[in-house]
Amino acid sequence: MGTYSISTPIEFGLRLIGLWPSYTYAMIHRVVWMLNMIFVLYFEYVYVMRHIRTDELPDLMDSLTITLSNSLLFFKLIILWSNDRVFGNILTMITEDWNNRETKNREILTGKVILSQRFATYAIFLYSTTVILFSTSVIFAPERVPVLKMELPFDATRSPLYEFISILQFFYELIFASTSGLLNGLIVTLMLHVGGQAEIMCRKLEDIKFEMKSRSCKDTLSSLIDDHERIIVFSTNIENLFSYIALLQFLTNTLAICFSGFAIITSFDSDQGSVILAKTLPYYTVVNLEAFVLCFAGEYLTSKGQAIGEAAYTSTWYELKPNESRYFLLLILRSQRRLTITVGKFMDLSLEGFASVRVFGKKEIDKNERKSAFTYHD
């Protein structure tokens, strides 16, 4: 792998979850992750099933949101592990792009890597802060409540067992949340790399007029076709890797927005409203951020694909010979193929799709608010 192809925080996280190619202990990391997540999710779902008919509906909604987030992370890791060859091909193409680019074009890629590193750092920090706020509000609550709602086979409220389990659950959730932020940073990194390749290609199309009188004009045009093919293959690999992840993300985020929104609404009439808001509001923000990152990545990829076609059309292709201008015709035709990430092959990820999720979540929150108001009135 090239030194600057992937930022340091993302590379460290990929090694931690056993996804980095040719990592010696990748399989051991995967087994440890799977065993730990199965252990946590099992006791979380046992708690949900045993308290599904409880009268404390806000507490149930609170536990459901965390359980859904951990389940989503578990399925994300399974999908990424099962497509490790596709991911390895993506990293190989990134390294080849770095090695084959000129110095002036590497500046674009360097800027993209710096931007992705900043985003990954901010995302991990935001997710970790959310867990810290959530855990602090639980630990310092008047009652002894665990950080994660789990139905353990023993009494977990006795000291020092309660303190030990709370600290252990805190570190579990901190690692899970940081990994979720890492995966969002990975998506942004891949999207920014595609955007960098598209910008380099657009720059070549703008500078093609300097090659008009050169004998290597056909070679330059052929290299443009090859570069465009690499961009299409790269985006196809991203689509194969993240399509079903986006589907699970949309399903769970829609439910999580409804559950957390219901908890926020009902907290206004509760004696512990400030505690519930401190736990739920940061999580509600992070859930919306996850959906926005995916939709923005799809929108960004689509716009860069369209920019290639526009750059080819606005270039001085009409000054070329007929047999040379055909390369531009082929480029324009192939650029009409939409580059995007789909939600399980059903719909394209876009900002319009993000707005539809937000509208659906808002409708469900308003519906729950009316139901809760009617219940309190009775």
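Residues numbered from 1 in each chain as written. Predicted model: local features only at pLDDT ≥ 70, side-chain atom pairs only at ≥ 80, totals over all residues. Heavy atoms only, no water.

By the naming in an unreviewed UniProt entry, the protein is Odorant receptor, taken from Odynerus spinipes.

J.: Please provide a residue-by-residue account of unusual backbone geometry, values included.
T.: Look at Ser 22: it is not a glycine, yet its phi comes out positive at around 65°. Mapped onto the elements of the fold, Ser 22 is located in the loop between α1 (8-16) and α2 (26-50). Classification of Ser 22 as exposed rests on a relative accessible area of 80%. (Helix = DSSP H or I, 4+ residues; strand = E, 2+ residues; numbered from the N terminus. Buried < 20%, exposed > 50% of the residue type's maximum accessible area, 1.4 Å probe, protein only.)

J.: Could you give an account of the environment of Phe 296, with specific residues and numbers?
T.: Note that Phe 296 resides in helix α8 (residues 273-314). The exposure class of Phe 296 is partly exposed, given its relative accessible area of 42%. The sequence separation of Phe 296 and Ser 350 amounts to 54 residues, and the corresponding C-alpha distance is 6.1 Å.

J.: Lay out α1 in plain terms, naming residues and giving numbers.
T.: Three or more residues of α1 are buried, namely Ile 10, Gly 13 and Leu 14. Each buried residue of α1 sits inside an arc of 100° when the element is viewed along its axis, so together they form one side. Counted as exposed and oriented over 90 degrees from the buried face of α1: Thr 8 and Phe 12. Within two residues after α1, Gly 18 carries a phi angle of roughly 75°, on the positive side. (Arc of directions from axis to C-beta.)

J.: Go over the packing of aromatic side chains with me, naming the residues and quoting the values.
T.: A complete count under the given rule lists nine aromatic pairs for this structure. Measuring from centroid to centroid gives 5.8 Å for Phe 292 and Phe 296, while their planes differ by 25°, and the two rings are stacked. Within this pair, Phe 292 and its partner Phe 296 are both found in helix α8, separated by four residues, close to a single helical turn. Taken together, Trp 33, Tyr 172 and Phe 176 form an aromatic cluster joined through their ring pairs. (Phe/Tyr/Trp six-rings, centres within 6.5 Å; stacked < 30°, edge-to-face > 60°.)

J.: A description of the nonpolar core should follow, citing residues and the corresponding values.
T.: If you look at the biggest cluster of nonpolar residues, it comprises 88 residues, and the most contacted ones within it are Ile 238 and Phe 242. Of the residues forming this core, the biggest block, 17 residues, is contributed by helix α6 (residues 161-206). Once residues within four sequence positions are removed from consideration, Ile 238 is found in contact with Ile 90, Leu 190, Met 191, Val 194, Ser 243 and Ile 341. If you look at the next biggest cluster of nonpolar residues, it comprises seven residues, including Leu 60, Met 61, Phe 259 and Phe 262. (Core = buried A, V, L, I, M, F, W, Y, C linked by side-chain atoms within 4.5 Å. Contact = heavy atoms within 4.5 Å.)

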